[in-house]
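Coordinates in review
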Amino acid sequence: MPRRRETAQNQGKAGEIFRGIAWGIFTQIIIILHILIDKVLETVLEWYWKEKKTCSSLRENFFVSKSATEIANLIRNGELTSYQVVKAYIDRMREVNPQINAVADGPFESALAEAQQIDERLEKGEVTAKEFSEKPFLGVPFTTKDSTAVEGALHTLGLISRRTARATEDAECVRLMREAGAVMIATTTVPEVNRWQETRNNVTGITNNPYDLRRTVGGSSGGEAAVISACGSAFGIGTDIGGSIRMPAFYCGIYGHKPTSGLVNMRGCTFRTGKERSTMVVAGPMTRYAKDLLSIFKVLVGPKLTSTLELNVKVNVKKLRYFYCSSIEDLKVARVNGEMMGALRRAINHLDSVGERPCTQITIPHTEMATKLWRYWMRKEPQGFDMLLGNGTQVNGVVELVKKILGQSDFTLASIYSLLDGMLPAGNQAKLEGITRTIISHLKDLLGYDGVLLVPSAPSTAGFHYSALVQVYKFSYWSLFNSLHLPTTQVPLGMDSKALPLGLQIVAAPNCDRLCLAVAEELETALGGWTAPFTAAS
């Protein structure tokens with residue numbers, strides 16, 4: 001009997017070793033396939049899209065490249081008028097929009113009139129120090145995406161069925177920014193109902209990356225990221241349910257912050273009422289400069305949460321604990337390439353030099369389930385994608401696919417893909433919810449109130465237009481943190497060999513947003529941040 005037991009144990013160990021070897025071989029085959037497919041895709045699309053072009057250079061009004069907080073101070077000190085600033089941004093937007101196609105609607109004329117009224121009050125000395133304190137962005141122009149309601153502006157969500165629809169009131173985040181003195185100047189392009197990785201719809205067409213007009217800006221806040229990076233807006237407000245702030249921010253070389261879920265009222269954003277009990281979607285700032293993020297975030301959460309979240313307490317980045325995770329294990333996602341890893345390594349090296357403790361490598365548990373987790377939690381969202389596409393009428397993905405083949409569908413192929421994906425099984429509820437709790441608990445215990453985690457933004461930089469139809473799961477590096485409801489800041493970190501923005505994400509425990517923002521500022525100061533997507537004017 002002991003010999004039989006020993007033999008069985010040896011056979012079990014041998015089987016385990018064999019399965020491990022087989023899985024390792026299978027994994028390597030998948031990695032090689034990703035590399036080959038990505039290489040062929042890049043080569044074919046580069047040939048198809050021909051010559052590289054960037055957006056036009058700044059020729060005048062160079063102040064539009066400054067930070068929003070700098071511009072606010074220049075207006076406050078009388079060095080610039082609000083009218084000058086608003087007009088300069090509108091002029092720049094009109095100049096670059098034929099190239100990037102990022103603007104959905106005005107209100108240009110009303111914005112100029114509002115700016116003139118602000119200047120008149122400033123000239124008369126009617127703006128008190130208290131009002132300046134309550135309105136930190138007085139006279140500074142901003143933009144937001146078409147799917148976020150702006151009173152009187154088009155509110156199409158990229159749908160043919162809504163191409164003439166206009167919002168009747170401001171979304172709460174827009175109202176708060178206006179209350180803080182900011183001037184709304186335009187709404188920007190989105191994919192249909194915000195549900196794709198490329199900003200393209202049948203109302204406005206495709207939006208181009210200012211660093212390379214042949215490439216994607218991501219989605220869904222793609223128009224927002226493009227117009228900010230091209231200096232057509234001082235800053236913007238995006239929304240994020242699966243990377244929709246951070247993906248476009250990464251591709252367009254700017255900063256974007258996805259707050260902890262539930263901190264920002266979502267009323268008026270893609271039909272949200274603001275009363276939803278649980279949702280992954282959040283609204284947050286998108287900027288060229290890290291130093292703008294905190295000031296905008298404080299406006300969005302309001303005074304009470306500013307105090308609760310200790311947003312006015314300076315973070316000592318030397319005292320923080322730093323961790324990094326170099327990849328997620330979902331085989332549907334390509335491995336992080338060398339240039340992206342180089343950007344991560346530069347950030348780690350700097351934080352090692354300033355921190356009191358070295359940056360420690362970790363593995364996030366269960367990341368092989370990243371795409372399944374996001375799909376499951378998307379099914380729990382209060383608004384169904386199939387309902388929104390039809391403007392209240394349910395739409396069937398199979399029917400729309402047939403109509404698309406016949407040239408009769410009003411929807412893009414990407415939207416039809418999302419509809420079909422929504423017909424797949426959501427997965428085992430107990431298992432997926434249990435895994436989500438496990439990961440959240442692990443990261444909360446690890447990070448605590450003084451730890452941040454550095455994670456690559458994506459396997460590679462911005463792809464060519466339509467590449468997302470093949471590289472479908474590239475978004476998993478962003479969507480994972482929506483599933484976990486964790487605050488995450490996208491940080492630009494220089495350029496790759498193709499002159500496209502590199503970057504990483506900074507993650508913290510729930511309600512520790514201030515840590516993400518502080519580390520983003522530290523990296524901006526030490527390693528540089530936004531790099532203009534155009535050459536200097538001669």
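Here is a short report on the structure shown in this document. (Residues numbered from 1 in each chain as written. Predicted model: local features only at pLDDT ≥ 70, side-chain atom pairs only at ≥ 80, totals over all residues. Heavy atoms only, no water.)

1. Points about the overall build of the chain
Within the chain, the secondary structure is distributed over 17 helices and 13 strands. Taken over the C-alpha trace, the chain has a radius of gyration of 24 Å; the compact-globule value for 538 residues is 24 Å, and the two agree within 12%. Expressed as lengths along the three principal axes of its C-alpha atoms, the size of the chain is roughly 100 × 65 × 50 Å. Sorting the 538 residues of the chain into buried and exposed places 58% on the buried side. Within the chain, residue pairs in contact and separated by at least 24 positions form 77% of the contacts whose partners lie at least 6 positions apart. Of the accessible surface of the chain, which amounts to about 22,600 Å², a share of 54% is contributed by carbon and sulfur atoms. With 60 positive and 53 negative side-chain charges, the chain shows a separation of 7 Å between the mean positions of the two kinds. (Helix = DSSP H or I, 4+ residues; strand = E, 2+ residues; numbered from the N terminus. Rg over C-alpha atoms; globule rule 2.2 N^0.38 Å. Buried < 20%, exposed > 50% of the residue type's maximum accessible area, 1.4 Å probe, protein only. Contact = heavy atoms within 4.5 Å. Areas by Shrake-Rupley, 256 points an atom, 1.4 Å probe, with all protein chains shown as cover. Lys, Arg positive; Asp, Glu negative; His and termini not counted. Charge placed at Lys NZ, Arg CZ, Asp CG, Glu CD.)

2. So, the sheet that holds strand β12 (residues 488–495)
In sheet architecture, strand pairing relies on hydrogen bonds along the backbone and comes in two forms, parallel and antiparallel. Sheet architecture is open: 11 strands sit in the order β1-β3-β2-β6-β8-β7-β12-β13-β11-β9-β10, paired in mixed fashion. Taken across any chain shown, the strands that pair with only one partner, and hence form the sheet edges, are β1 (103–105) and β10 (360–361). Pairing between strand β6 (residues 236–240) and strand β8 (residues 282–287): five bridges, direction antiparallel. Note that in β8 the partner of Thr 239 across the bridge is Ala 283. Along the sheet face, helix α3 (residues 82–100) touches β1, β2 (141–145) and β3 (183–188) and points at about 10° away from the line of β3. (Pairing = 2+ DSSP bridges. Axes fitted to C-alpha atoms, helices over the stretch in contact; angles between N-to-C directions.)

3. Topic: the packing of α3 against helix α4 (residues 108–123)
Packed helix pairs are characterised by how far apart their axes lie and by the angle those axes make with each other. Running from N to C, α3 and α4 cross one another at 160°; their axes reach a closest spacing of 7 Å. Taken together, the axes of α3 and α4 are roughly antiparallel relative to one another. The way α3 lies across α4 gives a crossing that is right-handed. On the side of α3, the interface is formed by Ser 82, Tyr 83, Val 86, Lys 87, Ile 90, Met 93 and Arg 94, while α4 contributes Phe 108, Glu 109, Ala 111, Leu 112, Ala 115, Gln 116, Ile 118 and Asp 119. (Parallel < 35°, antiparallel > 145°, perpendicular 65-115°, else oblique. Left-handed = near helix turned anticlockwise from the far one by under 90°.)

4. Brief notes about empty space enclosed by the protein
Across all of its chains, the model carries four cavities of 30 Å³ or more by this definition. Volume-wise, the largest cavity comes out at about 270 Å³. Residue assignment for the lining of the largest cavity shows that the elements contributing at least two residues are α11 (370–379) and α14 (413–421). Taken together, the residues that form the lining of the largest cavity break down as eight nonpolar, nine polar and three charged. Class assignment for the residues of the lining of the second largest cavity results in seven nonpolar, seven polar and five charged. (1 Å grid on protein atoms, 1.4 Å probe; cavity = no way out; pocket = protein on both sides within 12 Å on 5 of 7 lines; lining within 4 Å. Points joined across faces, edges and corners; volume = space filled by probe spheres on them. Nonpolar A, V, L, I, M, F, W, Y, C, P; charged D, E, K, R; others polar.)

5. Observations concerning the pairing of strand β7 (residues 255–258)
Taking every second residue as pointing to the same face, both faces of β7 are buried, with Tyr 255 and His 257 on one and Gly 256 and Lys 258 on the other. Where β7 lies against β12, three bridges are found, and the strand directions are antiparallel. Paired with Lys 258 across the strands is Thr 488, a residue of β12.

6. Topic: the packing of α11 against helix α15 (residues 429–447)
In the contact formed by α11 and α15, the axes pass within 10 Å of each other and the chain directions differ by 110°. By the angle between their directions, the pair α11 and α15 is classed as roughly perpendicular. Crossing hand, α11 versus α15: left-handed. Of the residues in α15, those touching α11 at Lys 372, Leu 373, Tyr 376 and Trp 377 are Gln 429, Leu 432, Glu 433, Ile 435, Thr 436 and Ile 439. Along the lines of polarity and charge, the residues of the contact of α11 with α15 split into six nonpolar, two polar and two charged.

The analysis is restricted to geometry; functional conclusions fall outside its scope.
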